[in-house]
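What follows is each chain in one-letter form.
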Amino acid sequence: MPTAAIAILCTTPDAESAERIANALVEEKLAACVNLLPGLTSYFRWEGKVQREVEVLMVIKAPRANFEAICTRVKALHPYTVPELIALAIDASTPDYLAWLTENTTP
């Protein structure tokens, strides 16, 4: 049975934070891959005011079973009080990619 996989979206304030979190998640085998997309501009409401920030978006690919552990680890490393952690189901992928994802997230 193939692994149920997810892609988690998480923004960070800068490349340094994103790289630190990405490295930890891959090194600890919580995620198989983390893509960093710099130059994202986010508009959001925080503490009653509309904010505009340049951020780095992380796309974290992992087994669905690792979601809670990833959330715990990201919260421990993330500079934001409330980091964005949104999991999207990967409904379809190639069997070889899912096998690679599983292999690289198995302790």
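Everything discussed here concerns the structure shown above.
Treat the numbers as computed from the prediction; the structure is a model and nothing was measured.

(A) Seen up close, the pairing of strand 3 (residues 49-63). Pairing analysis gives eight bridges linking strand 1 (residues 5-12) to strand 3, with the strands arranged antiparallel. Bridge pairing in strand 3 places isoleucine 8 opposite isoleucine 60. Alignment of strand 2 (residues 33-46) against strand 3, held across 12 bridges, turns out to be antiparallel. Bridging from a neighbouring strand, cysteine 33 pairs with lysine 61 of strand 3.

(B) Seen up close, the environment of glutamate 103. Relative to the helices and strands, glutamate 103 resides in helix 3 (residues 95-103). C-alpha separation for the pair glutamate 103 and lysine 29, spaced 74 residues apart in sequence, amounts to 9.4 Å.

(C) Fine view of helix 2 (residues 67-77). Within helix 2 the residues assigned to the buried category are Phe67, Ile70, Cys71, Val74 and Leu77. All buried residues of helix 2 fall inside an arc of 140° around its axis, so they share one side. More than 90 degrees from the buried face of helix 2, the exposed residues found are Glu68, Thr72, Lys75 and Ala76. Against strand 1, helix 1 (15-27), strand 3 and strand 4 (86-89) lie the buried residues of helix 2.

Definitions and limits used
Residues numbered from 1 in each chain as written. Predicted model: local features only at pLDDT ≥ 70, side-chain atom pairs only at ≥ 80, totals over all residues. Heavy atoms only, no water. Pairing = 2+ DSSP bridges. Helix = DSSP H or I, 4+ residues; strand = E, 2+ residues; numbered from the N terminus. Buried < 20%, exposed > 50% of the residue type's maximum accessible area, 1.4 Å probe, protein only. Arc of directions from axis to C-beta. Contact = heavy atoms within 4.5 Å.

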